[in-house]
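As a plain string of letters, each chain reads:
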Amino acid sequence: MAEIRLTKIEQGQTKIRNVPIAVTPEGFWCCPSPVMFQKTLKSHHHHHHHPLNKPKSSSSTSSTTTPPIKTSSDHKKHSPELNKKPPSHASSKSESVVLDDQKKINGFEPPVLGASLVAERTSSRPNQESLPRKVSIEFGESGTGDLKVVLMGRQGFVVKLSVHKSVLEENSTFFAGKLVGKGSSFHCIEVDDCEDVETYVETVGLMYCKELKQRLIKQSVSRVLRILKVAEQLGFKSCIESCLDFLEAVPWVGEEEEERVVSSVLRLQTEGIGVSPILKRVASDVSKPPKDTLSHVLQLVLKSNEEKGRREMKSIVLKLLRENNKSLPNCSSSTSGGDLCNTTIYASCRTCLGSLLFLFRQVAQPEFAEQPTEVKNPVVKQMVLEADNLSWLLDILADRHGADEFAVMWASQQELAALHPRVPIMNRHHISCITARLFVGIGRGELLPCKDTRHLLLKTWLQPLIDDYSWLQHGCKSFDRKVVEEGIGRTILTLPLEDQQIILLGWLSSFLKAGDNCPNLQKAFEVWWRRTFVRPYTEQGNTTQPSD
């Protein structure tokens, strides 16, 4: 049975505390942070187990069984007295923590059997508790350590490690370099400005373990990244490899965690450490153009007939492409890579438009109405699907500020517009959603087609839109009347005044007949009226001369 003693190692007034340090199955000690010490002293909780070394039932035969810890003193007697002056014999006698006989794990005797710990008071005031400033930890058989490693942490926190030169030289290039050429009389290494004392102690303790991979199971990614950072500083190769194996296999939860892993791994890559298995999770070796993958994704969504899955994936792809516009240079509309993406999207647009025109020709035939329902329904359903596809692709292009060509393409569809009145309104009104989206985009400045394209668009598609307006209001959930009317009006007002007059007078005739079943363009009409009659502009300018 081994004994762990808490002894005084510094001169002066010292108060012994039950410091929360957990023993692992393979025997190394994990030193908690100063904040944890402080919390423990305040909360009076004596038993504290480190997350890495969660104890299991003593009946377990697993290699991760933690030996039970007994104390020779009654903790309940000490906890309530934390804020009282220690008895006079506290500085001369030591408390001891005794471990039961430890079992051999896979034929390996746990090496660490003891640790000396002291919390030194920084104030001599008897009734004031203060943060422990110094802790001493011993690795291996008690009294066999032949090297002291002093870790100088933040805010004056100091940890003294009693370790073995042979273990550190074998596992760490950092310590091996410090010890090279040193004689047997060399007994101390000081590490200044230690950022993470707890992880440093834990990583040194891992040098005493045989199965490093087993020690990392069920640990958080952030914790393993901290260990990896210290292992990198120490040149602890086997620990680095075990951490990388862990990171390659464990899921990364959330973008922030993924970014931390990738940045840590990339740092190692610059130092020549093989990290490609991890990076393969976020980067492909296949030199396949992004446009091919994008085209494949688009085709899968465009050809889907399942309403719910299709609706959800349209939303997701649109959202992801919006993110790409902000973050990925090869999908920016201002680069050649962006041009390739737009080319892929326009190829899908032309395919959908060709299919839509073919279906309109079928439905517009007089004999189509006489066909049985089982023949008509698939054709009508596909026609609606293609119109919806074009609306979705237009949304993508508008977000990418690349929809000008779509406006040109849609404005030139005279045959489709001519077939429009011959198709039942309940089936055809979906294509008027495309027209409405274009007008909204122009009104918001999302696309900037030339004057001829804007004029042709209004000339070709405004009347079909007016004819379908009643159905759009009642049969299209996403239709926003005020937004569409504002877009139409603004589009009209971008034209020369003569064209504004022709279009708005034609609208007035329809509005006086249909009322609410026609777009309300009164605001645009008022602007045109003022431009024409109230303050007409002439190229000669204002001929009124200023008074003397």
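Residues numbered from 1 in each chain as written. Predicted model: local features only at pLDDT ≥ 70, side-chain atom pairs only at ≥ 80, totals over all residues. Heavy atoms only, no water.

Lay out the overall build of the protein in plain terms, naming residues and giving numbers.
Of regular secondary structure, the protein possesses 22 helices and nine strands. The 548 residues of the protein split such that 45% are buried. Within the protein, counting contacts between residues at least 6 apart in sequence, those at least 24 apart form 70% of the total. Surface exposure of the protein reaches about 29900 Å², of which carbon and sulfur atoms provide 52%. (Helix = DSSP H or I, 4+ residues; strand = E, 2+ residues; numbered from the N terminus. Buried < 20%, exposed > 50% of the residue type's maximum accessible area, 1.4 Å probe, protein only. Contact = heavy atoms within 4.5 Å. Areas by Shrake-Rupley, 256 points an atom, 1.4 Å probe, with all protein chains shown as cover.)

Any chance you could break down the packing of aromatic side chains for me, citing the residues and the numbers?
Across all of its chains, the model carries eleven aromatic pairs by this definition. Between the aromatic rings of Trp529 and Phe533, the centroid separation amounts to 4.5 Å while the plane-to-plane angle is 50°, which identifies the pairing as tilted. Taken together, the residues span about one helical turn, with Trp529 and Phe533 both in helix α22 (residues 522–534) at a distance of four residues. Of the aromatic side chains, those joined through ring pairs into one cluster are Trp507, Phe511, Phe525, Trp528, Trp529 and Phe533. (Phe/Tyr/Trp six-rings, centres within 6.5 Å; stacked < 30°, edge-to-face > 60°.)

A description of the sheet that holds strand β7 (residues 147–152) should follow, citing residues and the corresponding values.
With respect to topology, four strands assemble into an open sheet ordered β6-β8-β7-β9, the strand pairing being mixed. Where the open sheet ends on each side, the last strands, each with one partner, are β6 (134–138) and β9 (188–191). Taking each pair of neighbouring strands and ignoring which way they run, the sheet shows an average axis angle of 15°. As defined by bridge partners, β6 adjoins strand β8 (residues 158–163) across five bridges and the pair is classed as parallel. (Pairing = 2+ DSSP bridges. Axes fitted to C-alpha atoms, helices over the stretch in contact; angles between N-to-C directions.)

Account for helix α7 (residues 221–234), with residues named and values stated.
Compared with the 20 Å implied by 1.5 Å per residue over 14 residues, the 20 Å span of α7 between its first and last C-alpha is a close match. Taken across its 14 residues, α7 has ten buried, putting it largely inside the fold. Inspection of α7 places Val221, Arg223, Val224, Leu225, Ile227, Leu228, Val230, Ala231, Glu232 and Leu234 among the buried residues, and these make up the whole buried set. Looking at the buried residues of α7, the elements they touch are α4 (173–179), α5 (197–206), α6 (212–216), α8 (237–249) and α9 (255–269). (Expected span 1.5 Å × (residues − 1).)

I'd like a rundown of the side chain of Ser172, residues and numbers included.
Inspection of the secondary structure puts Ser172 in the loop between α3 (165–171) and α4. A distance of 2.6 Å separates a polar atom in the side chain of Ser172 from the backbone oxygen of Leu234. Non-local contacts of Ser172, meaning those with residues more than four positions away in its chain, are made with Met207, Leu234 and Gly235. (Polar contact = N/O pair within 3.5 Å; in protein donor to acceptor, adjacent residues only side chain to side chain.)

Kindly report on the pattern of salt bridges, identifying the contributing residues and their values.
For the structure shown, the criterion picks out 19 salt bridges. Asp196 is the salt-bridge partner of Arg226, the closest N and O atoms lying 3.7 Å from each other. Of this pair, Arg226 sits in helix α7 while Asp196 is found in the loop between β9 and α5, placing the two residues 30 residues apart along the sequence. Residue Arg437 is joined to Glu446 by a salt bridge in which the shortest nitrogen-to-oxygen separation is 3.1 Å. A relative accessible area of 19% places Arg437 in the buried class. Each of the salt bridges in this network shares a partner with another, and the network as a whole consists of Asp395, Arg437, Arg444 and Glu446. (Salt bridge = Lys/Arg side-chain N within 4 Å of Asp/Glu carboxyl O.)

I'd like a description of a negative patch on the surface, backed by residues and values.
A contiguous patch of negative charge on the surface is contributed by Glu255, Glu258, Glu259 and Glu323. Sorting elements by how many residues they give to the negative patch places α9 first, with three residues. Among the secondary structure elements, Glu255 is positioned in helix α9. (Patch = residues over 30% accessible without salt bridge, like charges linked within 9 Å, V, L, I, M, F, W, Y side chains within 5 Å. Lys, Arg positive; Asp, Glu negative; His and termini not counted. Charge placed at Lys NZ, Arg CZ, Asp CG, Glu CD.)

Please give an account of helix α20 (residues 481–493) that cites residues and values.
In this model α20 runs 18 Å from its N-terminal to its C-terminal C-alpha over 13 residues, within 8% of the 18 Å that 1.5 Å per residue would give. Of all the positions in α20, only Val484, Glu485, Gly487, Ile488, Gly489, Thr491, Ile492 and Leu493 are classed as buried. Buried-residue contacts for α20 involve α17 (425–444), α18 (451–467), α19 (469–475), α21 (497–514) and α22. Two or three places before Lys482, at the opening of α20, Asp480 has a side-chain oxygen 3.3 Å from that residue's backbone nitrogen.

Describe in detail the nonpolar core, supporting the description with residues and values.
Judged by nonpolar contacts, the single largest core of 73 residues is most densely connected at Cys349, Leu390, Trp392, Phe406, Trp410 and Leu416. Examining the composition of this core, we find that twelve residues originate from one element, helix α13 (residues 336–364), more than from any other. The residues touching Cys349, leaving out its near neighbours within four places in the chain, are Leu390, Leu393, Leu397, Phe406 and Met409. The next biggest cluster of nonpolar side chains, apart from the first, holds 51 residues, and it includes Leu147, Val221, Val230 and Trp252. (Core = buried A, V, L, I, M, F, W, Y, C linked by side-chain atoms within 4.5 Å.)

Can you lay out the pairing of β7 for me, pointing to particular residues and giving the numbers?
Both β7 and β8 contribute to a ladder of six bridges, which runs antiparallel. Of the residues in β8, the one forming a bridge with Lys148 is Ser162. The hairpin formed by β7 and β8 contains five residues between the paired strands, and Gln155 there has a positive phi angle of roughly 55°. Sheet topology places β7 next to β9; four bridges connect them, and they run parallel. Looking at β9, one finds that Val149 is bridged to Ile189.

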